[in-house]
Amino acid sequence: MKKQHLSLSALALLGIGSAQAADQWTWLAGAEDDYQPQYTISLLMGQMDPGDNMDSDTVAGVELALNCPLLQPPSNRIRQQLSYIQYENNGVEIESIELNPHYVVEVTPGLEIGAGPGLGLVMVDTPNGDGNVFGLQLGLSAHFQGASPLFVGAEVRYQITGEDKFGAATESDVDNTRILLKVGYSL
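Residues numbered from 1 in each chain as written. Predicted model: local features only at pLDDT ≥ 70, side-chain atom pairs only at ≥ 80, totals over all residues. Heavy atoms only, no water.

**Some words on the pattern of salt bridges**
When their charged atoms lie close together, side chains carrying opposite charge are able to pair.
Line of reasoning, step 1. Inspection of the entire model under this criterion finds 7 salt bridges.
Line of reasoning, step 2. One salt bridge in this structure joins R157 and E63, with 2.8 Å as the shortest N-O distance. Within this pair, whereas R157 is found in strand 10 (residues 150-161), its partner E63 is found in strand 3 (residues 57-67), the two being separated by 94 residues in sequence. The pair formed by R157 and E63 is uniform in burial state, with each residue classed as buried.
Line of reasoning, step 3. Salt-bridge contacts for R157 lead to E155; the nearest nitrogen and oxygen are separated by 2.7 Å.
Line of reasoning, step 4. Residue E155 is classed as buried on the basis of its relative accessible area of 2%.
Line of reasoning, step 5. Among the ionic contacts, a cluster of salt bridges with common partners joins E63, E98, E155, R157, R178 and K182. (Salt bridge = Lys/Arg side-chain N within 4 Å of Asp/Glu carboxyl O. Helix = DSSP H or I, 4+ residues; strand = E, 2+ residues; numbered from the N terminus. Buried < 20%, exposed > 50% of the residue type's maximum accessible area, 1.4 Å probe, protein only.)

So, in structure tokens, the structure goes:
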């Protein structure tokens, strides 16, 4: 009985602490007078492994990142990353439009690491047919920006997609893992 009471007390304290911590977050941060989007536009280049059905190959794309206008934590920050990525190999073309918010922490001045989930629309075109599926991503990133507006970064993303026939007899997915390098400019 004592253990249950202690467990319930600990759970209640955790809930109160979480509510207080949530109260310190800035909701609709873009509407605040001191909001600074800190836009960064980047070129992406890397390697994508789309799993058993296809070969690994180069991917390329562009990305626009900014401080999240919807939600900001009391310390550190959330960066929204809107990406367009393209892969092509053996007649299969995959294009992905993704929104990947990352919670980022400054490790040293100019160097940030981050992680976060994402949503994407994946458009697949094969010699047999085409289709669109939704994707869920998880990414880990590192970014560096010194005193100049130039920006460099790297990211690893894993994406799980829905299934479609893509013109074939059976359904398949285009789950993939990507390693991306970023070179950009902060506005």
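**Focus: a nonpolar patch on the surface**
Line of reasoning, step 1. A surface patch of nonpolar side chains, about 530 Å² in accessible area, is lined by Y39, I41, L150, Y185 and L187.
Line of reasoning, step 2. By the element assignment, Y39 lies in the loop between strand 1 (26-27) and strand 2 (40-49). (Patch = residues over 30% accessible without salt bridge, like charges linked within 9 Å, V, L, I, M, F, W, Y side chains within 5 Å. Areas by Shrake-Rupley, 256 points an atom, 1.4 Å probe, with all protein chains shown as cover.)

That is the geometry; function is a separate question.
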